[in-house]
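# Analysis of the macromolecular model
Residues per chain, in single letters:
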Amino acid sequence: MRLDRREFLRGAAGAGCAVAFGLKFFHFSDDPIAYAAEVDQLVRSTCSPNCTGACGFKARVTGGRISTLIQAADYPEESYNPRGCLRGLSMMDLIYGKDRLKYPLIRTGPRGSGKFRRASWEEALDYTAGKLKEITDKYGPEAIASTIQVPGTGYVQKGALVALTGLAGWTMHHGYDQNGDLPMFWPMTFGVQSEELESLEWINARTTLIFGSNVIQTRLPDAHHLMEAKRRGRVVVIDPDFCSTAAKADEWLSIKADTDAALGLGMAKVIIDRGLYDAAFLQDFSDFPILVRQDTGKRLLAGEVATLASEAKDRDIPEYRRLFVVRCGEDFRILDPEKLDPTHAELEGEYEVTLADGNTIQVETVFTALRKNLAPYTLDQVAAITGLDPVQIERVAVDAAKNGPIHVIYGASNYQWYNGDLKGRALSLLPVLTGSIGKSGAGISTYAGQYRIRFNVKSWWFPEGSKINWVAYLHFLQGKGPNYPKNGIKAMVGGWGNPFDQHNMSNRLKERATSGELEFILTTDFQMSTSCMWSDVVLPAPSWYEKYDLTATILHPYLQLQQPAINPLFESKSELWIFRELAKRLNPAFEQHFFPQLDEKQAALKVVELLLATGGAETAGITLEMLKKGPVRLHSPAPGDRQVPFYEQVQHRVPFPPPSYPAPIKATAQFLRSGRIEFYKDEDLFLKEGEQLPVHKETYAETEYKVNPAAREKYQLRYVTKNSLYRVHSTHSNNTILLELQDNKAKVFLNPQDATSRGINNGELVQIYNDRGKTRAYAVLDPGCSAGTAIFEEGWWARYLGEESYNSLTYPWIKPLHEIYFVPGIWSPTTVWNECLVDVRRMSA
Amino acid sequence: MSVTMKRTLWISSAIFLIALCFWFYQLWQGLILTHMVNSYSWGLYISGLAFFVGNAAGGLVLTSSIYLFGVKKLKPLAKLGALTAFANVTAAMLIVLPDIGKPLRLVYLALHPNFMSPLVWDVIVLNLYALASAIYLYILLLPELTGKLSWLAIKVNNPHDFSERWAKRIAPVALLFAIGIHVVTAWIFSTQGARDWWHSPAMAPDFVSVAIAVGTTVVLLAGALAYGTGRQYEEAYRTLGLIIFMATCIHLFLMMNDLVIHAWYGNAETHRIMEIAWGDFAWAHIFEVAAPFIGAGLLMLPAVRRSLPLLALSSGMLIAGVFVHRFLIMPAAYNNIPMTLTPLGLPNTHWSLPIASGRFLPGMSTFLDQYSYTPSLVEGMILLGILAYAVFLVVLAISKLPILVKENA
Amino acid sequence: MKMGMVIDLEKCIGCRSCMVACKQHNAQPPETWWNRVFTPGSHRHLTPPAKGVEYFLPVHCQHCENAPCEKVCPVGATFHAKDGAVLIDFDRCIGCRYCMSACPYGVRQFNWEEPAKAHNRSAYQEKYHYGYPEEHRHDGRLVYMPLRPKGIVEKCTFCAQYRDKGELPACVRGCPGKARFVGDLDDPNSDVSKMIKARDAFTLLPEKGTKPTVFYLPPKPKEV
């Protein structure tokens, strides 16, 4: 066979062309919905699950779908840009994920089985309304309890449920104390819900003391401000475990868990003994000059003092104030609670007072009482309690005092203990003693949750005739408490939350759902979470790229819009629409409040305008048009509208406390009857418990050890359910992109010695258990973990834990001091997650 | 054609066709059907490349030694050598095909070759070797292309002289290529500074010595199977056995040399390599040293060489040992993750950055710094198919062409 | 103009946002990650290897000036862009994976199966895919496509589809720690050039001679 050269070349060329042609124009594709490369728009919304980030994101919309997400990075201060994080960047995994709720569902199988049937909106809403009316008729409206989790993430949509709750007279739980995020030292010491510096102010602190907060991971979009604070000053981290923030800090103090009160008091003692405190500040802004009766422990009232009684009678003060007494030179004077003028009062001293009834008693100033209180907290004693080096403690205290302003960041996992309030009060001494309050870069901050209502929301949240029966969530779990509905709570109406994973303490929620004690459960969500699985009716809501809303956070004071980049997927409807429809069915009169003549998008925008117009000083001059262009800074008394707590109080001498929306001032000011920062608390129970001034108390003494003394030996690991990088609580638990980064496995972090002594190797599946419940996770031997530790990253949906809720181990402890007042979300029993002892064992034989 | 040969042809073509089906399946589904992952990105196929190249090199080494060094008693094996060379080098090129993600684009090798790439050199050199062995075979066959086969013969005056003359002329070129294909194939690996297991100047000479050992063994085995172990081939087989044994010793020496140097100096990469090599693969390494050595040693014994089963067994041991040697090119290269560093604050420790696997591995992390590679069924079948192809080609050629020298010359 | 990247390990908080930004914008299917962030020395990211030691290291294509991957590619599919980035021509790559053996940083990822099939494992609604939705050509060569075919290699391109339009790569825009910088290494006054000199920048595996254009600034040591 002969092949001509020419023939060969021709053939080769032909074959080559065919191949080349095929290569260029033939793309195998299995995707029938071709990627439409028509542009497409960029829509800016705000990513805002309850992480406190509230970060602007730009969604690229291609062919009606979100193709990419990237940070908007449009904050006016360049320092704030870009914000955002891995969860916001993978949000589409949830929006288009397989757990996306598509249409209303009505339960057909047993609760928690996941057996539902599809229903039309008409049917689902009619059914729901019918059930709610039935329960109202049988047990009264307070038998229905609603929750919106924390207010700040959605003023418009969440406000709809709050409004309905009030109109219908239902019960409501407050997310802040439900989450244990309410640090009770705040109302006790400062008379407020909570306060914090905006993160841009962190860089103005010279010394940043972080007590048990993993800022680098949990305040992710703001972490760079902490790094800048480190560059300009000093960052010290106090934490039992070597977390990422401890790794980034200039210094790490490896404190024994839950002994921060002792450390704070020890440092305070050093500051006081060395005279490093700001006497002028303390005289005018704190209760240190106030005189305390040594016989009763109560603060001396002007009306009791012989020389002051008549003057006191003539003084006209609000009923939430009291007239206390201070010593100026040789005289006793009335301390005006409504004015913070310089008092020149004695900070220290013990005096004899003649009472109006003729008796004489001994009194001392609060500061003198404090000195006495601090006497046992010597450096050696504190070192013994905390496990730290006394020289180091002293150095840190002196350095901080001499290098102000001091900023203390007090972490949620640190105050979520039974005596978290005592710790907070002790730590507050550090900024207060040194006058680091009410100025740039100064103060004490807590950053858990977007709880804060930043302006007046009454016009939308609390319509005329609104009457909400607030009940602390812990009381619900315990089944009793003050203003607990007399027939109990029979129905749950909730959205934006996942209590069947996150608040199922001691498995009580699931038990009540299984037993039928809860007669009706309604949940709105955009994904089939565990709580949806346990509900009777599930209503599909949109994600924050599919609706309008207004969000705010505490890490920065920007007000931001959420805007729809795409239409609500499948049959989902905004919560405003849902609760408007429900309102209409419960009572036609209710509907009026919800702009019934407008569609859900227009109604939401109207609500935004309403809120801006009636929000008060904070929203003055802010318009919807401005928000459509980007984030707008809310107003505040500080220069540049900076978020600096107590600026007005310290710089303009306005009495404490500033108001905490939405509570009326009389509700919170009663906590600071002197109009000043108060360390001395003389309510009866404080005195009885010996907590009139902050002290250190032994961990678990009032909780685990009290209820079961055997726990000391049996359960030696403290169960800490910390935040995970890969979730915002339980949001993103099912995010397939982020699950891959975690090897699709829940983890429990153990000190290597604790693990090996139990025969547990790295990566093995272990059971975490105590007398109340159990769960499972894969062991990580962590050299950073202190001994006696079992850290579990909270937020895993039960289906990733073999259906064993990780909260079955926790218990709804209530500290009685948190019940002497009740202002929802402000003075309330607050969940103390960490009061939990467990042990671990390998699961395989 | 003998019954054995017929059966061999039927079985090998059946295996080849089955392998072809597996390849089509792989073309359809993608290389996900192999067990390779991103951190372990070459496996059985490329091991097969090295294996077949090694087998091929031997053929022309042997054949050119006859004409270059005048070792006349090996003459009956000359054409067989050229044939096995051709079969193995084409098998080498074929086994690479299933390893290519987009085989239709191989035309770009011709249109846009990157001459810096050792793969391009290898493609060139393997093709040239295939051409050279084909031409060489043809030249050696020329005098016997008579009768029914005369249509294949080119018209020359004195075919026998022509054949002798050109065989002598091409011999040095052939020898060069025979050594060259293995040097270049070794260079594919040993130029890569990223893989310490490969990056050794000893690799090329080592590959050459292995090639000489195993290639010659292939010819010896083929010859023994074709001609038997009769007295007239004793000298030839003895010479081959000597070549094989010496080449094996040189190979083992080069390996030990590398080992001694690295073990003595003991730096981090070496320790890791040793851990990997002597950890999971301890038995394999023992086998790859012992099998060829024992096989080659046995082949030095006249008794072994006179017995076809024993000869076949010893040859088989050596070939198997070399195959394992080829397989072991990969584990220590890929499981010694190249991005390894000493973390700040932890001097004297070494840490490897895991690599995303690129495929779903149930129960395992996506990020791997260790991967236990075993070939999948598809990979194994395809390799077997290519082996079947080489066997088929050799047996078919023997049956149709005057490869073998008749008893009575 | 020689483009380079600086990553400040003092500012890197190990949050892996850059991993996710890269994956999302470049439509990488499950199990494919061009960018990796880990904790050097540790068996698990964010677990310290020893008490008192922890920092984070992001690694992706180093866009080496002396790139071994470019040298070994038999068909010239891997090439240097005009500004110095190392790119892969998706029309040219034959999937031989030599470059994957050649890369000392292990940054290259292969499409072992049809990415659409891999994406299916995420079980998104109605075959949804994330990622920059258009093809992109640099100098006529196809360097990005929303769904690659099976059988070719891919890796970080410094987001060619964005840079060619004057935008920063997704990892830079997505980094909340503000730890990433892109600039002109040829300009001694650019931010990156100044940072490299002033902060004792280092490269990874310098002994391999690859001359990466990604530079790392070491974390600040603590006082003792």
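Residues numbered from 1 in each chain as written. Chains lettered and ligands numbered in written order. Predicted model: local features only at pLDDT ≥ 70, side-chain atom pairs only at ≥ 80, totals over all residues. Heavy atoms only, no water.

So, about the pattern of salt bridges. All names here are of chain A. Taken as a whole, this structure holds 79 salt bridges over all chains when the rule is applied. A salt bridge links Asp 336 to Arg 315; the shortest N-O distance between them is 3.8 Å. Of this pair, Asp 336 sits in the loop between β13 (331–335) and β14 (350–354) while Arg 315 sits in the loop between α13 (309–314) and β12 (324–328), placing them 21 residues apart in sequence. With a relative accessible area of 29%, Arg 315 lands in the partly exposed category. Counted as one network, the salt bridges with shared partners bring together Glu 122, Asp 126, Glu 581, Lys 584 and Arg 585. (Salt bridge = Lys/Arg side-chain N within 4 Å of Asp/Glu carboxyl O. Helix = DSSP H or I, 4+ residues; strand = E, 2+ residues; numbered from the N terminus. Buried < 20%, exposed > 50% of the residue type's maximum accessible area, 1.4 Å probe, protein only.)

Quick look at the confidence of the model for chain C now. With 100% of its residues at a pLDDT of 70 or more, chain C has an overall mean of 96. Both scores are given for the predicted complex: the pTM is 0.94, the ipTM 0.97. (pLDDT = per-residue confidence, 0-100.)

Residue and element names in this part refer to chain A. Within the open sheet, the 3 strands sit side by side as β1-β2-β3. Their pairing is antiparallel. Bordering the open sheet on either side are β1 (41–47) and β3 (65–71), each of which pairs with just one other strand. Between one strand axis and the next, the sheet turns through 30° on average, direction left out of account. The pairing of strand β2 (residues 55–62) with β3 spans 6 bridges and is classified as antiparallel. By the bridge assignment for β3, Ala 59 is matched with Leu 69. (Pairing = 2+ DSSP bridges. Axes fitted to C-alpha atoms, helices over the stretch in contact; angles between N-to-C directions.)

Facing the 72 residues of chain A at the interface are 62 residues of chain C. In this structure, Lys 220 of chain C and Asp 250 of chain A form a salt bridge, with 3.9 Å as the shortest nitrogen-oxygen distance. Inspection of the region where chain A meets chain C yields 29 residue pairs in polar contact (both at pLDDT 80 or more). With 7 residues, β3 of chain A is the single largest residue contributor to the side of chain A that touches chain C. Grouping the amino acids of the side of chain A that touches chain C by side-chain chemistry returns 37 nonpolar, 16 polar and 19 charged. (Contact = heavy atoms within 4.5 Å. Polar contact = N/O pair within 3.5 Å; in protein donor to acceptor, adjacent residues only side chain to side chain. Nonpolar A, V, L, I, M, F, W, Y, C, P; charged D, E, K, R; others polar.)

Now for the packing of aromatic side chains. Per the counting criterion, the structure on display carries 69 aromatic pairs over all chains. With a centroid separation of 6.2 Å and an interplanar angle of 40°, the aromatic rings of Phe 16 of chain B and Tyr 389 of chain B are classed as tilted. Residue Phe 16 of chain B is found in helix α1 (residues 3–29), and its partner Tyr 389 of chain B is found in helix α14 (residues 377–400); the two are separated by 373 residues along the sequence. When its relative accessible area of 27% is taken as the criterion, Phe 16 of chain B is described as partly exposed. Judged by its relative accessible area of 16%, Tyr 389 of chain B falls in the buried class. Between Tyr 40 of chain B and Tyr 373 of chain B the ring centres are 4.7 Å apart and the planes differ by 25°, which places this aromatic pair in the stacked class. With Tyr 40 of chain B in the loop between α1 and α2 (44–68) and Tyr 373 of chain B in the loop between β4 (367–368) and α14, this pair connects stretches of sequence that are 333 residues apart. Tyr 373 of chain B gets classed as buried once you look at its relative accessible area, which sits at 3%. Linked through ring pairs, Tyr 40, Trp 42, Phe 189, Trp 198, Phe 207, Phe 327, Tyr 334, Tyr 371 and Tyr 373 of chain B together with Tyr 98 of chain C together constitute an aromatic cluster. Above the ring of Trp 166 of chain B, the side-chain terminus of Arg 169 of chain B is found at 4.8 Å from the ring centroid. (Phe/Tyr/Trp six-rings, centres within 6.5 Å; stacked < 30°, edge-to-face > 60°. Lys NZ or Arg CZ within 6 Å of the ring centre and 35° of its normal.)

This part is about the interface of chain B and chain A. Facing 9 residues of chain B, the contacting portion of chain A comprises 7 residues. Summed over both sides, the interface of chain B with chain A buries roughly 680 Å², with 59% coming from carbon and sulfur. At the junction of chain B with chain A, the criterion picks out 2 residue pairs in polar contact (both at pLDDT 80 or more). The residue makeup of the side of chain B that touches chain A, split by class, is 5 nonpolar, 3 polar and 1 charged. (Buried area = accessible area lost by both parts, 1.4 Å probe.)

Let's shift gears to a nonpolar patch on the surface. Among the surface-exposed residues, Phe 115, Ile 124, Leu 128, Leu 131 and Ile 135 of chain B lie close enough to one another that they form a single nonpolar patch of about 460 Å² accessible area. Mapped onto the elements, Leu 131 of chain B comes out in helix α5 (residues 118–141). (Patch = residues over 30% accessible without salt bridge, like charges linked within 9 Å, V, L, I, M, F, W, Y side chains within 5 Å. Areas by Shrake-Rupley, 256 points an atom, 1.4 Å probe, with all protein chains shown as cover.)

Looking now at the sheet that holds strand β11 (residues 214–217) of chain C. Note on sheets: strands pair through backbone hydrogen bonds, and any given pair is parallel or antiparallel. Residues and elements named next belong to chain C. If you walk across this open sheet you meet the 3 strands as β10-β1-β11, and the pairing is mixed. Bordering the open sheet on either side are β10 (180–184) and β11, each of which pairs with just one other strand. Taken over all neighbouring pairs, the strand axes of this sheet differ in orientation by 25° on average, direction set aside. In this sheet, β11 lies alongside strand β1 (residues 3–8) in parallel orientation, the contact comprising 4 bridges. Across the sheet, Asp 8 pairs through a bridge with Leu 217, a residue of β11. Running over the sheet, helix α7 (residues 191–198) touches β1, β10 and β11 and is turned about 110° from β10.

Moving on to the nonpolar core. Judged by nonpolar contacts, the single largest core of 258 residues is most densely connected at Tyr 545 of chain A together with Leu 77 of chain B. Considering every element that reaches this core, the biggest residue donor is α2 of chain B, with 15 residues. Contact partners of Leu 77 of chain B, with chain neighbours within four places excluded, come to Leu 62, Val 219, Gly 223, Tyr 227, Ala 236, Tyr 237 and Leu 240 of chain B. (Core = buried A, V, L, I, M, F, W, Y, C linked by side-chain atoms within 4.5 Å.)

This next bit is on the packing of helix α3 (residues 78–96) of chain B against helix α7 (residues 203–227) of chain B. Residue and element names in this part refer to chain B. Where α3 contacts α7, the axes come no closer than 10 Å and their chain directions differ by 120°. Between α3 and α7, the interaxial angle falls into the category oblique. The chirality of how α3 crosses α7 is right-handed. Contacts from Leu 80, Gly 81, Thr 84 and Asn 88 in α3 reach Val 218, Val 219, Ala 222 and Gly 223 in α7. Considering only residue class, the contact of α3 with α7 consists of 4 nonpolar, 4 polar and no charged. (Parallel < 35°, antiparallel > 145°, perpendicular 65-115°, else oblique. Left-handed = near helix turned anticlockwise from the far one by under 90°.)

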